[in-house]
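Structural features, examined
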Amino acid sequence: MVKLNRIYTRTGDTGMTGLATGPRRPKYDLRVAAYGTVDETNACVGLARLHAASEDAVVDAMLERIANDLFDLGADLSTPDTGEPPAYEPLRIVQSQVDRLETEIDQLNAELAPLRSFVLPGGTAAATHLHLARTVSRRAERLMVELAQSDGERVSEPALRYINRLSDFLFVASRHLNARAGGDVLWVPGQNR
């Protein structure tokens, strides 16, 4: 369990931060950027939940589970797999979390009309915030993929699958919320020429 007695420690004043396993890395390190962007995604999910709670309790409950999963993902990324047996069992994203996202995507998508155009970010307040969360989660995914392909770094397959499915979930959830409120805001190519 996490216990924080002091919020500031001054240990980051020189531009370094500690991973969960203890080693220190520059704050611009790719691993730190990846889990920082996962945290940013979670903040966007929190904004969406402010509105989803009044728009759709089912989607809000799904987002609540995702917010918790994103902390799991941050813990996973902040605890590098070095190939050596760890002194404790690190928290890792597992396939069942990916499976749950896929089930929820299918559940929300089942009632949606097929897309005939790209969707513009907009619609309800919750849907608009979900679009923002989707774009930030895509950035987190790009950083995680780059990290996974870096020499000496590892990112688990379930973690990569989870972040990939998350952006799909956020897109489908935004469409679901907009469908309940009259429909998506669709792109009209060349409309303003």
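Owing to the predicted nature of the structure, the values given are computational and were not obtained by experimental measurement. (Residues numbered from 1 in each chain as written. Predicted model: local features only at pLDDT ≥ 70, side-chain atom pairs only at ≥ 80, totals over all residues. Heavy atoms only, no water.)

1. A look at the overall build of the chain
As a reminder, the rule being used: Helix and strand assignments come from DSSP, with helices taken as H or I runs of at least 4 residues and strands as E runs of at least 2, each series counted from the N terminus. Accessible area is worked out with a 1.4 Å probe on protein chains only. A residue is then buried under 20% of its type maximum, exposed over 50%, and partly exposed in between. Whether two residues are in contact is decided by their heavy atoms: any pair within 4.5 Å suffices. Each accessible area is a Shrake-Rupley estimate made with a 1.4 Å probe; only the visible protein chains count as cover when residues are assessed.
Within the chain, the regular secondary structure consists of 5 helices and 4 strands. For the chain, the sequential pattern of α-helices and β-strands runs β-β-α-α-α-β-α-α-β. Across the 193 residues that make up the chain, the buried fraction comes to 41%. Within the chain, contacts between residues separated by at least 24 positions form 74% of all contacts whose residues are at least 6 apart in sequence. A total accessible area of about 11,100 Å² is found for the chain, and carbon and sulfur atoms account for 54% of it.

2. Notes on the packing of aromatic side chains
Going by this rule: Side-chain rings of Phe, Tyr and Trp, where Trp is taken by its six-membered ring, are said to pair if the distance between their centres is within 6.5 Å; with planes under 30 degrees apart they count as stacked, over 60 as edge-to-face, and otherwise as tilted.
Counted by the stated rule, this structure contains 1 aromatic pair. Note on Phe 118 and Trp 187: the rings are 5.7 Å apart at their centroids and 50° apart in plane angle, and the pair reads as tilted. Here Trp 187 lies in the segment after β4 (185-186) and Phe 118 lies in the loop between α3 (95-109) and β3 (119-120), a separation of 69 residues in the sequence.

3. Regarding the environment of Val 172
With respect to the helices and strands, the residue Val 172 is situated in helix α5 (residues 157-180). Sequence-wise, Val 172 and Asp 106 are 66 residues apart; in three dimensions their C-alpha atoms are separated by 8.8 Å. Beyond its immediate sequence surroundings of up to four residues, Val 172 is in contact with Ile 105, Leu 108, Asn 109 and Leu 112.

4. Description of the nonpolar core
One recurring pattern in soluble globular proteins is that nonpolar side chains are buried together. Operational definition: Residues enter a nonpolar core if they are buried and are Ala, Val, Leu, Ile, Met, Phe, Trp, Tyr or Cys, with the set joined through side-chain atoms within 4.5 Å.
Core analysis: the largest hydrophobic core is formed by 41 residues, its most contacted members being Leu 63, Ile 66, Leu 73, Leu 77, Met 144, Tyr 162 and Phe 169. Going through the elements one at a time, α1 (30-55), α2 (57-77), α3, α4 (125-148) and α5 are the ones with two or more residues in this core. If sequence neighbours within four positions are ignored, Phe 169 has contacts with Met 62, Leu 63, Ile 66, Leu 101, Glu 104, Ile 105 and Leu 108.

5. Focus on the pattern of salt bridges
Between side chains of opposite charge, pairing is possible as soon as their charged atoms come close. To keep it simple, the criterion reads: Salt bridge criterion: a side-chain nitrogen from Lys or Arg within 4 Å of a carboxyl oxygen from Asp or Glu.
Under the definition given, this model contains 13 salt bridges. Between Arg 154 and Asp 81 there is a salt bridge whose closest N-O contact spans 3.7 Å. Of the two residues, Arg 154 sits in the loop between α4 and α5 while Asp 81 sits in the loop between α2 and α3, which places them 73 residues apart along the sequence. Bridged by salt links that share partners, the residues Arg 65, Asp 69, Arg 100 and Glu 104 form one connected network.

6. Quick word on the side chain of His 131
Structurally, the position occupied by His 131 is in helix α4. On the basis of relative accessible area, His 131 is assigned to the buried category, the value being 2%. Once residues within four sequence positions are removed from consideration, His 131 is found in contact with Val 119, Leu 120, Pro 121, Gly 122, Phe 171 and Ser 174.

7. A closer look at the environment of Asp 99
Tracing the backbone shows Asp 99 in helix α3. For Asp 99 and Pro 158, which are 59 residues apart along the polypeptide, the C-alpha to C-alpha distance reads 9.9 Å.

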